[in-house]
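# Results of the structural survey
Listed here are the chains, written in short residue letters.
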Amino acid sequence: MIKTCNRHSSHSLRGMSQTTLFKSPSSSSLFRSTSSSSLYIPPPTALVRSISSSSILSNSSNASVTSPLSYSTSREKSYFAERLEPEDLNPNVVKAKYAVRGAIPSYADKLKIQLLKHPGTLPFESVINSNIGNPQQLGQKPLSFGRQVLSILEYPALLDHERTLVDSMGYAPDSIERAKTLLTDIGSIGAYSNSQGVHGIRQTVADFITNRDDGEVAYPDDIFLTAGASSAVSTILSILCKGQQTGVLIPIPQYPLYTATLTLNDATALPYYLDESNGWSTDINEISKVAQDSLEAGIKPTCLVVINPGNPTGSVLTVEAIKNVFDVAAKYGLVVIADEVYQDNIFPGSEFHSMKKILRILQKEVPNKYDNIQLASLHSCSKGLLGECGHRGGYCEFIGFTPEVKQVITKLSSISLCSSVIGQALVDLMCCPPKKGEPSYELDQHERQTIRTNHKKRSNKLYEMFNSLEGVTCQKPQGAMYMFPNIQLPFNAIKMAQNLDITPDEFYCRELLKATGICTVPGSGFGQQPGTYHVRTTFLAPGVEWMKRWEKFHIEFFEKYR
Ligand SMILES: Cc1ncc(COP(=O)(O)O)c(C=O)c1O
């Protein structure tokens with residue numbers, strides 16, 4: 001068989017699907033698994049399907065077979081096993097939704113290919129992926145220190161040319177030293193590591209946490225290195241979820257990783273609404289009520305997710321709010337997942353307080369009450385100033401779990417052998433950046449400051465733009481990488497969306513994409529108060545020209561559908 005390289009062939013796009021792009025998701029199943037039974041029985045359709053094609057029959061040595069039902073005589077030649085249909089699959093996987101890579105981003109991918117193949121056929125020159133916090137996709141440069149170290153880990157033979165690295169290639173001596181240390185810790189990055197992660201790197205993480213939390217000691221044995229925060233969430237929830245009787249409190253709006261993972265595990269999401277009018281703060285009465293109602297409905301509230309700083313809201317929790325969360329957790333015995341992946345994306349005027357630090361304070365202030373709190377705190381190389389999403393590095397610190405439960409966590413981690421070892425190395429660099437006085441320090445600080453300045457500039461600009469637009473209100477973000485403006489969509493736009501069988505916010509995002517190339521995510525993918533409409537966008541795209549495109553689109557949209 002002759003293989004051709006499709007990518008460079010002029011026919012490479014011929015196979016592109018022409019399917020309808022905007023089929024409506026069923027919104028009613030967003031929060032609760034709707035399967036009537038956890039036991040899936042395949043439909044009684046034939047697993048072997050006949051084909052009556054004469055061409056097959058004529059090729060058959062048993063050409064005398066005329067009936068496609070004569071199974072016993074012609075099974076080998078005249079029948080073939082049917083291909084899988086979605087109903088043959090794990091229904092939880094089929095049901096799971098993940099809006100940040102949903103219908104709008106898929107449409108955007110198709111438009112990108114169209115632009116590549118037929119430049120000039122769309123009203124914009126490029127698609128802007130504002131649907132996901134993926135900084136390097138939008139031109140953010142990787143920090144030099146990290147990449148210098150990683151390059152040596154990938155190709156240790158570079159160490160035979162240290163002088164050339166420093167004198168001709170701009171490597172800093174401390175990145176070379178760090179690479180040597182990591183190589184001693186790791187061995188080869190091409191080998192599996194310990195399932196929990198390389199011990200020396202877990203020690204670096206523990207030191208980072210201890211330092212961050214004003215001396216509250218962290219231990220390498222409590223740290224699990226993970227393939228980003230996503231795999232940590234998957235690990236924790238698959239251990240905690242025992243079916244639909246397990247309830248997990250999640251903030252609404254939420255990052256859809258949580259609803260998707262709960263659907264995969266056939267558990268029940270217990271939404272607690274954040275208070276938009278109060279900067280998307282947590283309302284502790286609401287959280288308590290959700291936990292209590294769930295108990296009364298026979299669903300055991302088991303776990304409480306806190307995303308701080310918030311995605312998509314950009315809010316940062318106060319110490320008081322965190323203490324309140326632990327009060328509810330202590331009362332109902334909830335495991336707390338602290339998704340703190342944006343802890344380094346904090347705007348001036350706001351302060352990040354780690355949940356671990358506040359827990360330790362509470363445990364000292366009020367003996368016994370908080371002793372049994374179990375906290376899983378997540379961090380990631382994908383966010384912060386590294387933005388190394390593709391390297392899949394992250395960690396989870398497990399606090400307060402029994403040794404027996406930790407053994408189960410270790411066992412589950414071991415089933416996937418280990419997280420990416422280069423990702424683990426990046427966690428080391430995230431947790432221990434160059435220090436003052438070290439050769440890389442100045443450049444590293446400069447690169448970080450540039451990223452911070454850009455984030456601040458773009459977020460301010462976008463925030464001002466949103467609040468200047470008809471029908472739009474937007475809370476000022478205190479951290480993270482997103483905005484979640486509330487759009488009071490005009491009546492005719494809502495009607496049009498109904499006609500198209502899509503949600504009104506999806507209609508707005510779709511029209512925005514078609515007109516400007518800006519790819520966003522409808523608020524319905526994150527959850528929102530019924531009757532409200534939001535759009536989630538990052539503010540990472542370079543420049544401000546795209547914001548002007550958005551502004552123009554919005555004005556025209558309102559004119560058209562008013
Ligand atoms: C709140 C939150 N948690 C977790 C993740 C997953 O990040 P990672 O790349 O570390 O898996 C994201 C990604 O955007 C996120 O926004």
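The residue numbers shown here count from 1 along each chain, following its written sequence. Given that the model is predicted, a residue must reach a pLDDT of at least 70 before its local features are reported, and side-chain atom pairs must reach 80 or more before they are shown or counted; all residues, however, enter totals for whole chains, interfaces and linings.

## Quick notes on the pairing of strand β9 (residues 374-380)
With C-beta atoms placed from the backbone, a residue is buried if 20 or more other C-beta atoms are within 10 Å of its own, exposed if 12 or fewer are, and partly exposed between those counts. We count a stretch as a helix when DSSP gives it H or I for four or more residues in a row; a strand needs E for two or more, and each element gets its number in order from the N terminus. In terms of residue burial, β9 counts as a mostly covered element, since six of its seven residues are buried. For two strands to be treated as a pair, DSSP must find no fewer than two bridges joining them. In the sheet, strand β8 (residues 335-339) pairs with β9 via five bridges, with the strands oriented parallel. Looking at the pairing, V335 lines up with Q374 of β9. Handedness of a crossover is defined as follows: with both strands directed away from the viewer, a clockwise route from the first strand across the helix to the second makes it right-handed. In this fold, β8 hands off to helix α13 (residues 355-365), which returns the chain to β9; that crossover is right-handed. For β9 and strand β10 (residues 394-399), the ladder comprises six bridges, and the chain directions are antiparallel. Its bridge partner lying in β10, S380 is registered against G394.

## Some words on the sheet that holds strand β16 (residues 535-538)
Pairing in this open sheet of three strands is antiparallel, and the strands run β12-β16-β15 from one edge to the other. The open sheet has two edge strands, β12 (482-483) and β15 (521-522), and neither has a second partner. When β15 meets β16, the two strands line up antiparallel, connected through two bridges. By the bridge assignment for β16, P522 is matched with V535.

## Some words on the environment of G197
In this fold, G197 is placed in the loop between α7 (173-186) and α8 (199-212). Overall, G197 belongs to the buried group, with 26 C-beta atoms counted inside 10 Å. Distance from G197 to T226, taken between C-alpha atoms, is 7.7 Å for residues 29 residues apart in sequence. Apart from the residues lying within four places of it in its own chain, the contact partners of G197 are R202, I223, F224, L225, S419 and Q424. A pair of residues counts as a contact when their C-beta atoms, built from backbone coordinates, are separated by no more than 7 Å.

## Observations regarding the nonpolar core
Formed by 118 residues in total, the largest nonpolar core has its most connected members in V248, L249, L304, V305 and V336. Beyond its immediate chain neighbours, meaning those up to four positions away, L304 contacts L249, V325, V328, A329, L334 and V336. Buried Ala, Val, Leu, Ile, Met, Phe, Trp, Tyr and Cys residues form a nonpolar core when they are connected through C-beta atoms within 7 Å.

## Considering the site of the ligand
In the region of the ligand, 14 residues are neighbours, and G228, A229, S230, S380 and S382 sit closest. Ranked by the residues each element gives to the shell around the ligand, the list is headed by helix α9 (residues 228-240), at three residues. For the shell around the ligand, a count of residues per class yields six nonpolar, seven polar and one charged. Should the C-beta atom of a residue, placed from the backbone, lie within 6 Å of a molecule or strand, that residue is near it. For this classification, Asp, Glu, Lys and Arg are treated as charged, while Ala, Val, Leu, Ile, Met, Phe, Trp, Tyr, Cys and Pro are nonpolar and the rest, including Gly, are polar.

## Comments concerning α9
Look at α9: 19 Å from first C-alpha to last across 13 residues, which is about the 18 Å you get at 1.5 Å a residue. Residues of α9 that are buried include every one of G228, A229, S231, A232, V233, S234, T235, I236 and L237, and no others. How far a helix is expected to stretch is found by multiplying one less than its residue total by 1.5 Å.

## Looking at the sheet that holds strand β6 (residues 268-273)
In spatial order, the strands read β4-β10-β9-β8-β7-β5-β6; together these seven strands make up an open sheet with mixed pairing. The sheet is open, and its two borders are formed by β4 (223-226) and β6, each paired with just one other strand. The average undirected angle you get between the axes of adjacent strands in this sheet is 20°. Here strand β5 (residues 246-252) pairs with strand β7 (residues 300-307) via four bridges, running parallel. In the strand pairing of β7, T246 is matched with K300. Here an angle of 0 to 180 degrees is reported between the N-to-C directions of two axes, which are lines fitted to C-alpha atoms, with helices fitted over the stretch in contact.

## Some words on the confidence of the model for the chain
Confidence per residue, as judged by the predictor, is encoded in pLDDT with a range of 0 to 100. Looking at the chain, pLDDT values average 87 and 86% of them are 70 or higher. When the criterion is pLDDT under 50, residues 1-72 qualifies, and its contacts beyond four places in sequence or with other chains add up to 70 contacts.

## Observations concerning the packing of helix α17 (residues 491-500) against helix α18 (residues 504-516)
Running from amino to carboxyl end, α17 crosses α18 at an angle of 95°, the nearest separation of the two axes being 8 Å. With respect to their mutual orientation, α17 and α18 come out roughly perpendicular. Taken together, the residues of α18 that come into contact with α17 (itself represented by A493, I494, M496, A497 and L500) are P504, E506, F507 and Y508. Split into classes, the residues belonging to the contact of α17 with α18 amount to eight nonpolar, no polar and one charged. An angle counts as roughly parallel when it lies under 35 degrees, as roughly antiparallel when it exceeds 145, as roughly perpendicular when it falls between 65 and 115, and as oblique in every other case.

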